[in-house]
Amino acid sequence: MIRTGEQFRDSLRDGREVWMNGERIKDVTRHPAFKPLVDIRARIYDMQHEEKTKEIMTYEENGERFPIGLRLPFEKKDWDDKRLAVDTVMNDIGGVVTRVGDETIGEMWSLWDGKDILNEIDPRFAENIERHIHLVIKNDPFHVSANTDPKGDRSKRPQDQDPDMLVHVVKETDAGIVIRGAKYETAAAYSNQAFLKPTIANWGDSKLSEYALGCIVKMDAPGVKHICRTGFTGRAPERDYPLSNKFDEVDTLMILDNVLIPWEDILFYQHTRAAAFIRQTLHRYSAFPFVQRTLSYADLIIGAALWNARQTGLDKQQAVQEKLAELAIWREGINAHLTASIAMGERSPNGLLMPNQSLLFTGRCHALNNLPRMMHIARELCGGQICVTPDSAVFDHPETKKWMDKYYTVNDEWQAEDRRKLLALARDALNSDYAGHRLTFQLFAQSAPFAQSAAVYRTFDWNHALKFAQKAGGLSDNIWGVTKQAAE
């Protein structure tokens, strides 16, 4: 049942242990580093109630309303509805946010697809994952994904170094299991719960490993500590850095110091095959809304670059048009992959409609591998003024305002203040600390680039190309050898 924004804020006032800059944060809903994103997530909750957006953000079932982003996808319309809801949110908030919950629930759907694997070791695990999926739909929590480990020395087994470097089980009790370790997770400090799972396939050379673990962790559970990186919010005035101050999604090193996980919250345990399955299939659903966010980021980059070219008249030059066209090709490539992945969706092992896996993962690589170059092209189009323009205080001061008005006014349409705002937006999107963080985040948020390429390798239909080349060359079936059966 859909929450309100205020109900979400109340859920965060639970005594959780949050640290930033050497200070323990008493209330993340009011602290300046967290408040902007808490308010955005609260705004999304409120949009589910407002008449203008209720039908876009929610669906009705048995007389009750539920979030559209959490609805299990069984048909193309479910994905079209989800896409419209995300676009509506981005347009409403006027920026790009990635970790707000709807994009992470899909990871649990991936695990649900592997229920037969889960049932091999304990039928309770498959029951737990299905129950939690429906609990999320019913209770509408802010659900994130605890995915990235501190890693330690990757040349060694977990047991050959500090065993806490990777999350693992330290003991079993009648109430559940006790876990210890740490995870990095964006937005954990102001979320309600996380789906914790392993990311490194080194289980200590054991078929049944205490490191092969998936579970639900409540963010206020005893022993959970959130140690957050310094935020970008408040470092400089919002007028000079409009994105940094509104859309900084704070990342957390989440310490798990002997945290009790009840048996009903365990999704798999000691099951290395289940752990390997979730590693390979983790993003079969969640990659879609993630890439869709990159599409919104593309629109932001293109808009800033094009406005800058237009206000100076440079958009009439062929060289500038070619660079703008390259940005458009990148943007429409993302759009095409998203659209086609749903149009050619596949039925999952558990009966859900998956985005076409090859198209989705090639789209993700297209979006992210080209992002650094696209940001560079946008910098060229915006020019050096994004790094030399003075701050807003100089535009306001009586002794300097006349000079800023004189040299930053282009014509009657582009007065100094609008030009200053545009350059501030472009600087924050392309040239600031926030921009650098955003670039790295986009490249690594779902997995490292090599793992994204590996997902393409696993899902692309290689046999189609092999058969085509075989026929074109008149090659015999003998060339298939032991792989012949796979080609049939």
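Bear in mind that the values here come from a model prediction, so they are computed numbers and not experimental data.

Asks: Help me out: how do you make sense of the packing of aromatic side chains in this one?
Replies: In total, this model carries 12 aromatic pairs according to the counting rule given. With a centroid separation of 5.3 Å and an interplanar angle of 40°, the aromatic rings of Phe-8 and Tyr-45 are classed as tilted. On the criterion of sequence distance, the pair formed by Phe-8 in helix H1 (residues 5–12) and Tyr-45 in helix H2 (residues 35–47) is long-range, its members being 37 residues apart. Like Tyr-45, Phe-8 is buried.

Asks: In this structure, what is going on with the sheet that holds strand E5 (residues 143–146)? I would like to understand it.
Replies: The strands making up a sheet associate through backbone hydrogen bonding, with each pair oriented either parallel or antiparallel. What the four strands build is an open sheet, ordered E5-E8-E9-E12; its pairing is mixed. Unpaired on one side and paired on the other, E5 and strand E12 (266–269) mark the two borders of the sheet. Geometrically, the sheet is characterised by an average inter-axis angle of 25° between neighbouring strands, direction not taken into account. Sheet topology places strand E8 (residues 193–196) next to strand E9 (residues 213–218); four bridges connect them, and they run antiparallel. By the bridge assignment, Ala-194 is partnered in E9 with Val-217. Its contacts with the sheet put helix H7 (residues 123–139) on E5, E8, E9 and E12, and the angle it makes with E12 is roughly 150°.

Asks: Honestly, the layout of surface pockets in this entry has me stumped. Any pointers?
Replies: To locate leftover empty space, one rolls a probe as large as a water molecule over the atoms. As a volume, the largest pocket reaches approximately 1000 Å³. If you trace the largest pocket, you find 37 residues lining it, with Thr-148, Phe-444, Gln-446, Ser-447 and Ala-448 closest to the centre. Counting residues per element, the lining of the largest pocket draws most heavily on helix H18 (residues 449–459), which supplies five residues. When the residues that make up the lining of the largest pocket are grouped by side-chain class, the tally is 14 nonpolar, 13 polar and 10 charged. Approximately 230 Å³ is the volume attributed to the second largest pocket. In this structure, the second largest pocket is lined by 13 residues; those nearest its centre are Met-90, Asn-91, Gly-95, Ser-296 and Asp-299. Counting residues per element, the ones that place at least two in the lining of the second largest pocket are helix H4 (76–93), helix H9 (287–311) and helix H10 (318–343).

Asks: Quick question: what am I supposed to make of the pattern of salt bridges here?
Replies: Where side chains of opposite charge bring their charged atoms close, a pairing between them can arise. Throughout the structure, instances matching the rule amount to 42 salt bridges. Here Arg-71 ties to Asp-78 by a salt bridge, and the two come within 3.0 Å at their closest N and O atoms. Overall, Arg-71 belongs to the buried group, its relative accessible area being 14%. A cluster of three or more residues bridged by salt bridges with shared partners is formed by Glu-6, Arg-9, Asp-10, Arg-13, Asp-27, Arg-30, Lys-35 and Asp-39.

Asks: Help me understand a nonpolar patch on the surface, please; the structure alone is not making it clear to me.
Replies: Taken together, the side chains of Tyr-457, Phe-460, Trp-462 and Leu-466 present a nonpolar region at the surface, about 450 Å² in accessible area. Relative to the elements of secondary structure, Leu-466 occurs in helix H19 (residues 462–473). Note on Leu-466: relative accessible area 46%, which makes it partly exposed.

Asks: How do you make sense of the environment of Gly-95 when you look at a structure like this?
Replies: Tracing the sequence through the fold places Gly-95 in the loop between H4 and helix H5 (105–113). When sequence neighbours within four positions are dropped, the list of residues in contact with Gly-95 reads Met-90 and Phe-247.

Asks: Whenever I open this one, the pairing of strand E1 (residues 17–20) confuses me. Can you help?
Replies: In the sheet, E1 pairs with strand E10 (residues 224–228) via four bridges, with the strands oriented parallel. Its bridge partner being in E10, Met-20 is matched across the sheet by Cys-228. Alignment of E1 against strand E2 (residues 23–25), held across three bridges, turns out to be antiparallel. The residue bridging Trp-19 from the neighbouring strand is Arg-24, located in E2. Between E1 and E2, which pair antiparallel in sequence order, lie two residues; one of them, Asn-21, sits at a positive phi of approximately 55°.

Asks: Even after reading the chapter, I still don't get the packing of helix H15 (residues 401–408) against helix H16 (residues 416–430), so can you show me in this structure?
Replies: Two numbers describe a pair of packed helices, the interaxial angle and the distance between the axes. Axis separation between H15 and H16 bottoms out at 8 Å; the angle between their running directions is 80°. With respect to their mutual orientation, H15 and H16 come out roughly perpendicular. Contact with H15, carried on its side by Met-404, Asp-405, Tyr-407 and Tyr-408, involves Ala-416, Arg-419 and Leu-423 of H16 and no other residues of that element. The class makeup of the residues in the contact of H15 with H16 is five nonpolar, no polar and two charged.

Asks: Can you walk me through the pairing of strand E4 (residues 64–67) in this structure?
Replies: Where strand E3 (residues 58–61) and E4 come together, four bridges link them in antiparallel fashion. By the bridge assignment, Thr-58 is partnered in E4 with Pro-67. In this structure, the hairpin formed by E3 and E4 is closed by a connection of two residues, where Asn-62 is found at a positive phi of approximately 55°.

Asks: When you look at the environment of Met-354 in this model, what are you seeing that I'm missing?
Replies: Relative to the elements of secondary structure, Met-354 occurs in strand E14 (residues 353–354). Judged by its relative accessible area of 6%, Met-354 is buried. Along the sequence, Met-354 and Thr-148 sit 206 residues apart, while their C-alpha atoms lie 24 Å from each other. Sequence-distant contacts of Met-354, defined by excluding residues within four places in its chain, comprise Asp-113, Arg-284, Tyr-285, Ser-341, Gly-345, Glu-346, Arg-347 and Ser-348.

Asks: Can you walk me through H4 in this structure?
Replies: For an α-helix, 3.6 residues make a turn, and residues three or four places apart therefore share a direction. Look at H4: 26 Å from first C-alpha to last across 18 residues, which is about the 26 Å you get at 1.5 Å a residue. Inspection of H4 places Asp-78, Trp-79, Asp-81, Lys-82, Arg-83, Ala-85, Val-86, Thr-88, Val-89, Met-90 and Ile-93 among the buried residues, and these make up the whole buried set. On its buried side, H4 packs onto H2, helix H3 (54–57), H5, H9, H10 and E14. Gly-94 sits one or two positions beyond H4 and adopts a positive phi of about 70°.

Parameters and conventions
Residues numbered from 1 in each chain as written. Predicted model: local features only at pLDDT ≥ 70, side-chain atom pairs only at ≥ 80, totals over all residues. Heavy atoms only, no water. Phe/Tyr/Trp six-rings, centres within 6.5 Å; stacked < 30°, edge-to-face > 60°. Helix = DSSP H or I, 4+ residues; strand = E, 2+ residues; numbered from the N terminus. Buried < 20%, exposed > 50% of the residue type's maximum accessible area, 1.4 Å probe, protein only. Pairing = 2+ DSSP bridges. Axes fitted to C-alpha atoms, helices over the stretch in contact; angles between N-to-C directions. Contact = heavy atoms within 4.5 Å. 1 Å grid on protein atoms, 1.4 Å probe; cavity = no way out; pocket = protein on both sides within 12 Å on 5 of 7 lines; lining within 4 Å. Points joined across faces, edges and corners; volume = space filled by probe spheres on them. Nonpolar A, V, L, I, M, F, W, Y, C, P; charged D, E, K, R; others polar. Salt bridge = Lys/Arg side-chain N within 4 Å of Asp/Glu carboxyl O. Patch = residues over 30% accessible without salt bridge, like charges linked within 9 Å, V, L, I, M, F, W, Y side chains within 5 Å. Areas by Shrake-Rupley, 256 points an atom, 1.4 Å probe, with all protein chains shown as cover. Parallel < 35°, antiparallel > 145°, perpendicular 65-115°, else oblique. Expected span 1.5 Å × (residues − 1).

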